[in-house]
Amino acid sequence: MKRKLIAAIGIAGMVVTVAACGGSDSGSSDNSGGADAKELTVWLTVDAQNNWPALVKAADAAVQKKHPGIKINHEYYGWPDKNTKLDAVLATDKAPDVVEMGNTEMLGYMVKGAFAPLDTAKFTNSSAWLDGLKASVTYDGKTYGVPYYAGGRVGNWRKDVFASVGVKSTPKTYAELTAALDKVQKKEGDKFSAWYQPTRDWYAAMSFVYDAGGSIAVQSGGQWKGNLSSPESVKGLTEFKNVVDKYMHGDKTKDESDRYIVYGQGKSGMIFGAAWEGATSADPKNDKTGKLKDNLENFVMPGPSGKNMPVFLGGSDLAVPVKSKAQAVAAEWINAFTGPSGQKGLMAKGNLPNNKTDLATLKNDPATAVPATAAESNWFVPMAPGWGQVEKAQVLQTMLQNIGTGKKSVEAAAKDADAAIDKVINTK
């Protein structure tokens, strides 16, 4: 959910402190303001409008039952347009009452005081929110949003390719995985990628880092510091390099944006990416082999540590702008929308829920067991005040390209990345 913060929310007059607008020092707000509001404005992306409009109507009905006569307005935006419009309206007194945010978009707005703190006790299953999703709505000990839904990452391979070397079941350990990959690579030769792993894919690379006990950055004494050159992080990056060196025989300057298209071209046996990528590769318009339908299989990615690989959870959060005049009702709407019935509806549409309780139910269904199990172990970006100012994709992708192409050693590239991160990571 990487989106660009337009003007870093820097519109004159928009930035206000939470304390000046009713925030509490305890880390939560009762959001009592606007309990008698007559109107509510909800901004969502077109995903809700196109894919689960019934869930929106159900949340409206729940709020209208409690507040007879309240008018609920909905506006829907595409991802490329939403933040431009939001930044502009937050500079006025006409802020929406509920707004959907990509989970990696939240930090910059929280740091600037754009969202009201929320009382987590008022949201069903908040104590069971998935760790990575909880991190995305938490800043400086306070909660400024509610996780809405998520998408995880899984391994996916071609059954025919691996069956051709005698491998008929997906791997349960990293040793099983690499043994199978070695057989495929030997059989297919250097023009084939046993594992198509784009070098600049920092989501995958950081999974190796976190699996090894490392991290992008760490906090100590109230200050954040880049941690990619730590021994643990270097261990993870080194294993990532091993994968790229041994199994990736494509362009080592690419990122993951067109991975599903490359996978559909038939010159690779496996990918590690978003759960939807395999199925999208098998779509007739992307499948140039004519062999991918019913031939691709997702699996929980095993990590070198012996545990399941930690995965990045992308997704959406819902927040209440601090300038909302209907904060209490806005919180009620969010709870109605993201509560048990809403999560059930979202899961039925192929999304991962925002909490471990509902996630456990998906693990019992063979159709959803893989992405649900994979999502249990997850990581998120550093929630440091200046992280939003780090050109994170560029910094991490440059590091990985230098590592993958051999331009720099793992240690040297990691030190460079830490230096770039350290320059701004504590800047508000």
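Everything discussed here concerns the structure shown above.
Residues numbered from 1 in each chain as written. Predicted model: local features only at pLDDT ≥ 70, side-chain atom pairs only at ≥ 80, totals over all residues. Heavy atoms only, no water.

On to the pattern of salt bridges. Going through the model one piece at a time under the given rule, you end up with 14 salt bridges. Overlapping salt bridges, with partners in common, bring together Asp201, Arg259 and Glu277 in one network. (Salt bridge = Lys/Arg side-chain N within 4 Å of Asp/Glu carboxyl O.)

Attention now moves to helix 9 (residues 231–247). A rise of 1.5 Å per residue sets the reference length of helix 9, with its 17 residues, at 24 Å; its end C-alpha atoms lie 24 Å apart and thus fit the reference within 8%. Where the residues of helix 9 are buried, they touch helix 7 (174–188), helix 8 (202–211), helix 16 (392–404) and helix 17 (410–424). (Helix = DSSP H or I, 4+ residues; strand = E, 2+ residues; numbered from the N terminus. Expected span 1.5 Å × (residues − 1). Contact = heavy atoms within 4.5 Å.)

The interhelical angle for the contact between helix 8 and helix 16, taken along N-to-C directions, is 70°, at an axis separation of 10 Å. Comparing their axes, helix 16 and helix 8 come out roughly perpendicular. Where helix 8 abuts helix 16, its residues Trp202, Ala205 and Met206 lie against Ala393, Leu396, Gln397, Met399 and Leu400. Across the contact of helix 8 with helix 16, the residue classes tally to 7 nonpolar, 1 polar and no charged. (Axes fitted to C-alpha atoms, helices over the stretch in contact; angles between N-to-C directions. Parallel < 35°, antiparallel > 145°, perpendicular 65-115°, else oblique. Nonpolar A, V, L, I, M, F, W, Y, C, P; charged D, E, K, R; others polar.)

Turning our attention to the sheet that holds strand 1 (residues 39–45). Strand pairing within a sheet occurs via backbone hydrogen bonds; the two strands may be parallel or antiparallel. The strand order across the open sheet built from 5 strands is 2-1-3-13-6, with neighbouring strands paired in mixed fashion. Strand pairing shows two members of the sheet lacking a second neighbour, strand 2 (71–77) and strand 6 (146–151), which therefore form its edges. Within this sheet the neighbouring strands show an average axis-to-axis angle of 20°, counted without direction. As defined by bridge partners, strand 1 adjoins strand 3 (residues 98–102) across 2 bridges and the pair is classed as parallel. Within the sheet, the bridge partner assigned to tryptophan 43 lies in strand 3 and is valine 99. (Pairing = 2+ DSSP bridges.)

Taken together, the 3 strands give an open sheet; going across it, the order is 10-7-11, and neighbouring strands pair in antiparallel fashion. Because the sheet does not close on itself, it has two edges, and the strands there are strand 10 (270–274) and strand 11 (296–299). The mean angle between the axes of side-by-side strands here comes to 30°, regardless of whether they run parallel or antiparallel. Note: strand 7 (residues 153–158) against strand 11, 4 bridges, orientation antiparallel. When the bridges of strand 11 are listed, arginine 158 appears paired with leucine 296.

What follows is about the nonpolar core. Membership of the largest hydrophobic core comes to 122 residues, with the highest contact counts inside it found for Phe115, Trp195, Met206, Trp333, Phe337 and Met399. Of all the elements, helix 8 adds the most residues to this core, at 7 residues. The residues touching methionine 399, leaving out its near neighbours within four places in the chain, are Met206, Leu228, Leu237, Ala413, Ala414 and Ala417. (Core = buried A, V, L, I, M, F, W, Y, C linked by side-chain atoms within 4.5 Å. Buried < 20%, exposed > 50% of the residue type's maximum accessible area, 1.4 Å probe, protein only.)

Okay, unusual backbone geometry next. Phi at asparagine 125 is positive, roughly 65°, even though this residue is not glycine. With respect to the element layout, asparagine 125 can be found in the loop between helix 4 (106–111) and helix 5 (131–136). A positive phi is found at aspartate 140, a non-glycine position, where the angle reads about 55°. If you trace the backbone, aspartate 140 turns up in the loop between strand 4 (138–139) and strand 5 (142–143).

One pass over the full model with this rule turns up 18 aromatic pairs. Judged by centre distance (4.6 Å) and plane angle (85°), the rings of tyrosine 148 and tyrosine 149 are edge-to-face. No difference in accessibility class separates tyrosine 148 from tyrosine 149, as the two residues are buried. A connected cluster of aromatic rings, assembled from ring pairs, spans Trp202, Tyr203, Tyr210, Phe312, Trp379 and Phe380. (Phe/Tyr/Trp six-rings, centres within 6.5 Å; stacked < 30°, edge-to-face > 60°.)

Attention now goes to the environment of alanine 372. Of note, alanine 372 is situated in helix 15 (residues 369–375). Taking the relative accessible area as the measure of exposure, alanine 372 reaches 0% and is therefore buried. On a C-alpha basis, the gap between alanine 372 and leucine 352 in space is 7.0 Å, while along the polypeptide they are 20 residues apart. With near-sequence residues (within four places) excluded, alanine 372 lies in contact with Leu352, Leu359, Leu362 and Lys363.

In terms of burial, strand 13 (residues 314–319) is largely enclosed, as 6 of its 6 residues are buried. Side chains Gly314, Ser316 and Leu318 project from strand 13 onto one buried face, and the interleaved Gly315, Asp317 and Ala319 project onto a second face that is buried too. As paired elements, strand 3 and strand 13 share 4 bridges and run antiparallel to each other. Bridging from a neighbouring strand, glutamate 100 pairs with leucine 318 of strand 13. Two strands pair when backbone bridges link them, and strand 6 and strand 13 are joined in this way by 5 bridges, in the antiparallel orientation. Looking at strand 13, one finds that proline 147 is bridged to aspartate 317.

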